[in-house]
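Working through the structure, step by step
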Number of protein chains: 2
Amino acid sequence: MPSERYSGIYQDLKEKIESGVYKPQTFLPSETMLSARFKCSRGTVRRAIAMLAEDSYVQSIHGKGVVVIYREPPANRFAFGEIETMREAFARNGRDYRTKVLEFTTLTVDRRLSRKTGFSEGEEVYFIQRLRLLDGEPVILDNNFFLTRIIPGLTPEIAEQSVYDYLEKELGDTIVTTKRVLTVEEPTEMDEKVMDLSDCHAMAVVTSETYNAEGEMFEYTQSRHKPKYFSFYTVARRKHAYSADRNQ
Amino acid sequence: MPSERYSGIYQDLKEKIESGVYKPQTFLPSETMLSARFKCSRGTVRRAIAMLAEDSYVQSIHGKGVVVIYREPPANRFAFGEIETMREAFARNGRDYRTKVLEFTTLTVDRRLSRKTGFSEGEEVYFIQRLRLLDGEPVILDNNFFLTRIIPGLTPEIAEQSVYDYLEKELGDTIVTTKRVLTVEEPTEMDEKVMDLSDCHAMAVVTSETYNAEGEMFEYTQSRHKPKYFSFYTVARRKHAYSADRNQ
DNA sequence: GCCGATTTGTCCGTATGTATC
DNA sequence: CGATACATACGGACAAATCGG
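If you're wondering where the values come from, they're calculated on a predicted model, not measured in any experiment. (Residues numbered from 1 in each chain as written. Chains lettered and ligands numbered in written order. Predicted model: local features only at pLDDT ≥ 70, side-chain atom pairs only at ≥ 80, totals over all residues. Heavy atoms only, no water.)

Side note on the overall build of chain A
Check the secondary structure of chain A and you find 8 helices and 9 strands. Split into buried and exposed, the 248 residues of chain A put 54% on the buried side. Contacts in chain A between residues at least 24 apart in sequence constitute 58% of all its contacts with a sequence separation of at least 6. (Helix = DSSP H or I, 4+ residues; strand = E, 2+ residues; numbered from the N terminus. Buried < 20%, exposed > 50% of the residue type's maximum accessible area, 1.4 Å probe, protein only. Contact = heavy atoms within 4.5 Å.)

Some details on the protein's contact with DNA strand D
Around DNA strand D there are 24 residues in total, and Arg5, Tyr6 and Thr44 of chain A together with Arg42 and Arg46 of chain B lie nearest to it. By atom count, sugar and phosphate contribute 75% of the portion of DNA strand D lying within 4 Å of the protein. Where the surface near DNA strand D is concerned, the elements lending two or more residues are α1 (5-18) and α3 (42-54) of chain A together with α3 (42-54), β1 (58-61) and β2 (65-68) of chain B. Grouping the amino acids of the surface near DNA strand D by side-chain chemistry returns 4 nonpolar, 11 polar and 9 charged. (Near = heavy atom within 4 Å. Nonpolar A, V, L, I, M, F, W, Y, C, P; charged D, E, K, R; others polar.)

Quick notes on the pattern of salt bridges
Side chains that differ in sign of charge can pair as their charged atoms come close. The full count for this structure, using the stated rule, is 23 salt bridges over all chains. The salt bridge involving Arg42 of chain A is made with Glu31 of chain A; its shortest N-O contact spans 2.8 Å. Taken together, the residues span a long stretch of sequence, with Arg42 of chain A in helix α3 and Glu31 of chain A in helix α2 (residues 31-37) at a distance of 11 residues. A salt bridge links Asp55 of chain B to Lys14 of chain B; its shortest N-O distance comes to 3.6 Å. Here Lys14 of chain B lies in helix α1 (residues 5-18) and Asp55 of chain B lies in the loop between α3 and β1, a separation of 41 residues in the sequence. For the pair Asp55 of chain B and Lys14 of chain B, a shared accessibility class is recorded, and that class is buried. Three or more residues are tied together by salt bridges with common partners; here these are Glu31, Arg42 and Arg46 of chain A. (Salt bridge = Lys/Arg side-chain N within 4 Å of Asp/Glu carboxyl O.)

Right, dumping it as structure tokens:
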């Protein structure tokens, strides 16, 4: 549990912004004010503010202050910009959510699979194909490859629940980073067969690589989403915005 | 020009990782080692490392060290996880890229448009519709709404080039944050008419809100991409298990 | 245009806590 | 247990941007 000073302050400010104590387009109290209020150093306040900026809740302006840029997000949206499991995402939207395991095998990575997934040749992986059902309707077809070395003892029963929960709670490992590439592709025969596509002629495909706390990539996944239920949210911040020439 | 100590160190380490001096799955020299080598405080090194972690180049492991997790990204990919203009993205891929302005008008925001875009009622906006051509083929249909208040003096000629360049270079304003939502939708009549869709039956739709350095949302845009040329890359990190140290 | 007050940005040194080996 | 490495926090100093008088 992060009970450090800075995350407490981060939480506090975040809630105040969400509840409208600090309103959009207005400034937060100055860093020195806040550090006095929270009885901490300015550095600690700055860190909390940096986290809020990361979440696009605020933006710092040199010499002026910290503006609130938070806007109430539209409801019924999946925040795939963060890492959360399907379960978490759907639960948050209050829907009935089931998983059906279509395939559960182990494979040895050959050259072709290695090029596709980035795993080393000869590594052993679970291949799991799962269908995600929302209120009984198939919405996602997942193709997972997990390194057996990192996730020993995986079973179809666990796959039906949450692999991440198993990894974190049972094995004590931590998921840290996920890289994702999103494309739109034509449905495959498999998609047609299991997804009940009717009048939809494309799939949203999320290809992701997941790394644990050791920095090892242990998962390669391709998720094929039915467009109707697909939405992907992300925030980007400009890295090194150059200072403009004001000609004066 | 960011010639601060920490960005220099960040750049240096980044290049060493990209060029393979520090290889994946290996540890960087310890923070104390690096601070000695760069003749700076440990805090400054930590900040550079935090930035690399942000880029998913490295990951810190408490008590052990900092692992390199960088992997050569596949070529011909658009890094939409960051903010870059169409021009930048396409140029980076070495293709001929043109813009055709289909529509250029000013509107006053009414209730309907306000709900859609988030702009206040009564605000005045430019509405610009542009077709993006890659080697002569239409690939993106852009629908932009820009606040005239923030970007005065916009013309079709500028829209044909880069609005962001105009904003940053001429007006001295800076783009800082962009929020994006990605969905997959059926082609509209307009899409069919201008995009030459042939055997493609869906569009990748990116809806984005852009904020300037003052924290004001000045742009609302819907970009409709032909799937064939569409790819969206993003990185997510779990929770706020940050190794970031932005204070020192 | 200059000056001073305020505010954020950068950097340092130091101390202490905690995880790994 | 001790040595090493990262994590958190503090306080101080100075730079740079903004704004008002």
